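# Secondary and tertiary structure notes
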Amino acid sequence: FAPWDDPDAKPLIRFKNVTKRFGEFTAIDNLTLDIYEREFFALLGPSGCGKTTMMRMLAGFESPTEGVIELAGQDIAPVPPNKRAVNMMFQSYALFPHLSVWDNIAFGLRRDSMPKRDVEDRVEEMLRLVRLEKFAKRKPHQISGGQRQRVALARSLAKAPKLLLLDEPLGALDKKLRQDTQFELMDIQEKTGTTFVIVTHDQEEAMTVASRVAVMDQGQLMQVSTPDRIYETPNSVYVADFIGDVNIIQGRATQDGEETYRIDWAEGQKPLTAKSSNVFSAGQTCHLAIRPEKVAITAERPEDAANAVQGRVHDIAYLGNLSTYHVELSNGTIIKAQTSNTRRISRRTFTWEDTVWLSWTATAGVLLAN
Ligand code: ATP
């Protein structure tokens with residue numbers, strides 16, 4: 001399933017040079033984006049980057065100042081919100097407190113004058129989908145937060161929208177429940193085949209649920225790709241830093257062979273070596289982004305390591321399955337190295353103030369211009 005790699009695939013949603021201004025302020029800045037049918041698409045970014053504005057334009061609560069948004073090839077501008085094949089699930093769920101679970105799910109169907117039998121069939125189907133058959137008669141205050149979230153989901157899906165917008169759908173749940181619910185959401189999305197667009201500021205959540213992630217900053221798309229590509233090959237320091245943990249080493253690049261660069265980076269430190277298909281001119285400022293798990297930590301200097309630096313263990317974060325070591329080099333730079341603890345018993349571990357070697361291969365990091 002990778003319609004974004006298929007040049008003939010037709011997007012379900014297309015933003016064409018969309019700009020949204022509020023007075024003088026540009027919330028969305030000339031943004032172009034395609035989202036495909038059956039995708040679980042995540043809009044990810046810090047507060048104020050424009051995620052919710054994107055959703056509100058899709059739902060029809062806001063309209064673009066410039067540009068066009070298409071749904072299945074049609075400009076949606078003339079279509080009022082209630083006539084769009086789009087539904088939005090709010091973080092607050094907005095359930096009717098005086099109605100039962102059953103009636104909450106049936107609400108939109110009845111409003112559309114769906115025949116009684118069809119309403120019954122559809123509500124039962126939705127209750128099965130979210131596994132709440134036994135709770136049909138309860139009121140929202142008689143069920144748990146996670147169950148309320150599922151009622152809201154069932155209600156949003158009842159009318160079989162082409163597109164479901166989810167604004168921080170799991171924001172109200174605690175971490176454990178949130179993680180379980182992420183898998184449930186993925187499951188439901190797959191079963192219904194509805195295109196989901198989720199807004200979140202939680203990068204782990206976006207990476208878990210989404211087929212593709214758009215990382216946004218200040219009304220612009222910084223990178224749109226699959227979670228693994230975003231993690232492995234971020235296109236900027238911003239994205240590398242926003243997704244997961246990373247070491248960023250700034251230096252100056254000099255070409256030193258085919259797709260290979262020498263990086264001068266600190267007084268008294270040997271130059272580093274990195275392979276890169278990104279091109280740098282001689283002496284150009286560069287940033288080497290390396291994930292901590294790509295950095296090995298050893299007591300002795302490893303032979304044949306493309307890059308090896310010596311330092312002192314400054315801090316250790318024990319995470320159960322993993323440990324992250326913060327190692328301070330002689331020039332004050334801190335580099336993080338993460339090790340797996342699965343074979344902890346047989347593997348040497350380190351403690352505060354230990355002198356250690358950090359090493360990584362020439363292909364361990366991504367060399368970025370900015
Ligand atoms: P959060 O994660 O905090 O919800 P967001 O990424 O969803 O943030 P938006 O709600 O899309 O951000 O807002 C983007 C920017 O547009 C913000 O700076 C916000 O203040 C501004 N903005 C949003 N709606 C309006 C409005 N109706 N009038 C003026 N400015 C607005």
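About the thresholds
- Once a new chain begins, its residue numbering starts again from 1 and follows that chain's sequence as written.
- Reporting in this predicted model follows two pLDDT cut-offs: at least 70 for local features of residues, and 80 or more for side-chain atom pairs to be given and counted; totals over whole chains, interfaces and linings ignore these cut-offs and use all residues.
- Residues are classed as near a molecule or strand if the C-beta position derived from their backbone is within 6 Å of it.
- In this text, helices come from DSSP runs of H or I with a minimum length of four residues, and strands from runs of E with a minimum of two, each type numbered from the N-terminal end.
- When residues are sorted by character, Ala, Val, Leu, Ile, Met, Phe, Trp, Tyr, Cys and Pro go into the nonpolar class, Asp, Glu, Lys and Arg into the charged class, and all the rest, Gly among them, into the polar class.
- For the purposes of this description, domain bounds are those given by an automatic or database domain assignment.
- We call two residues in contact whenever the C-beta atoms placed from their backbones are within 7 Å.
- Two strands are counted as paired when DSSP detects at least two bridges linking them.
- Think of each axis as a best-fit line through the C-alpha atoms, taken over the contacting stretch in the case of a helix, with angles from 0 to 180 degrees between the N-to-C directions.
- When describing relative orientation, an angle under 35 degrees is termed roughly parallel and one over 145 degrees roughly antiparallel, while 65 to 115 degrees is termed roughly perpendicular and anything else oblique.
- Note: crossing handedness is left-handed where the near helix turns anticlockwise from the far helix by less than a right angle, and right-handed where it turns clockwise.
- Expected span of a helix, by definition, is 1.5 Å for each gap between consecutive residues, and there is one gap fewer than residues.
- Exposure criterion: with C-beta atoms placed from backbone coordinates, a residue whose C-beta has 20 or more other C-beta atoms within 10 Å is buried, one with 12 or fewer is exposed, and one in between is partly exposed.
- UniProt positions are given in the numbering used here, feature names are shortened, and annotations may be inferred rather than shown by experiment.

### Some details on the site of the ligand
For the ligand, the full set of nearby residues is F22, F25, A27, G45, S47, G48, C49, G50, K51, T52, T53 and H201. Within the residue set of the shell around the ligand, elements represented by two or more residues are β2 (25-35) and α1 (51-59). Per-element tally for the shell around the ligand: the top contributor is α1, with 3 residues. Partitioning the shell around the ligand into residue classes produces 4 nonpolar, 7 polar and 1 charged.

### Focus on the domain arrangement of the protein chain
Splitting the protein chain by domain gives domain 1 (3-240) and domain 2 (245-368). The straight-line distance from the C-alpha centre of domain 1 to that of domain 2 is 39 Å. Listed by partner, the interface residues are 5 residues for domain 1 and 6 residues for domain 2. Considered class by class, the residues forming the side of domain 1 that touches domain 2 number 3 nonpolar, 2 polar and no charged.

### Here's the deal with the sheet that holds strand β12 (residues 260-264)
Strand order in this open sheet of 5 strands is β13-β12-β11-β14-β20, and the pairing throughout is antiparallel. Edge positions in the sheet fall to β13 (272-275) and β20 (366-368), since each has one partner strand and no second. For this sheet the average axis-to-axis angle between neighbouring strands, irrespective of direction, equals 45°. Both β12 and β13 contribute to a ladder of 4 bridges, which runs antiparallel. Bridged to T260 within β13 is K275.

### What about the packing of helix α4 (residues 145-157) against helix α5 (residues 175-192)?
The N-to-C vectors of α4 and α5 enclose an angle of 20°; their axes lie 12 Å apart at closest approach. Between α4 and α5, the crossing angle belongs to the class labelled roughly parallel. Note on packing geometry: the crossing formed by α4 with α5 is right-handed. The residues of α5 that touch α4, namely those facing G146, Q149, L153 and L157, are L177, T181, I188 and T192. Broken down by class, the residue content of the contact of α4 with α5 amounts to 4 nonpolar, 4 polar and no charged.

### Thoughts on α4
When the terminal C-alpha atoms of α4 are compared, their 19 Å separation across 13 residues agrees well with the 18 Å that a helix rising 1.5 Å per residue should span. Counting buried positions over the 13 residues of α4 gives 10, a clear majority of the element. The complete set of buried residues in α4 reads R148, Q149, R150, V151, A152, L153, A154, R155, S156 and L157. The inward-facing, buried residues of α4 abut β6 (86-89), α2 (101-111), α3 (116-129), β7 (163-167) and α5.

### Structural notes on the UniProt feature "domain: ABC transporter" (unreviewed entry) in the protein chain
The UniProt record annotates "domain: ABC transporter" (unreviewed entry) at residues 13-243. Measuring from the first to the last C-alpha atom of residues 13-243 gives 25 Å, for a span that is 36% helix and 26% strand.

### Considering unusual backbone geometry
A positive phi angle is found at N30, which is not glycine, with a value near 50°. Looking at where N30 falls in the secondary structure, it is placed in strand β2. Phi is positive for R38, which is not a glycine, with a value near 70°. In this structure, R38 sits in the loop between β2 and β3 (40-44). Taking the number of C-beta atoms within 10 Å as the measure of exposure, R38 has 15 and is therefore partly exposed.

### Quick look at the packing of α2 against α4
Following both chains from N to C, one finds α2 and α4 inclined at 25°, their axes separated by 7 Å at the closest point. In terms of axis orientation, α2 runs roughly parallel to α4. Read as a crossing pair, α2 and α4 show a hand that is right-handed. On α4, the residues that touch V101, N104, I105, F107 and G108 of α2 are V151, A154 and R155. Among the residues forming the contact of α2 with α4, the class breakdown is 5 nonpolar, 2 polar and 1 charged.

### Let's talk about the environment of A160
With respect to the secondary-structure elements, A160 resides in the loop between α4 and β7. Accessibility expressed as a C-beta count within 10 Å gives 13 for A160, which makes it partly exposed. As a C-alpha pair, A160 and P11 span 149 residues in sequence and 19 Å in three-dimensional space.

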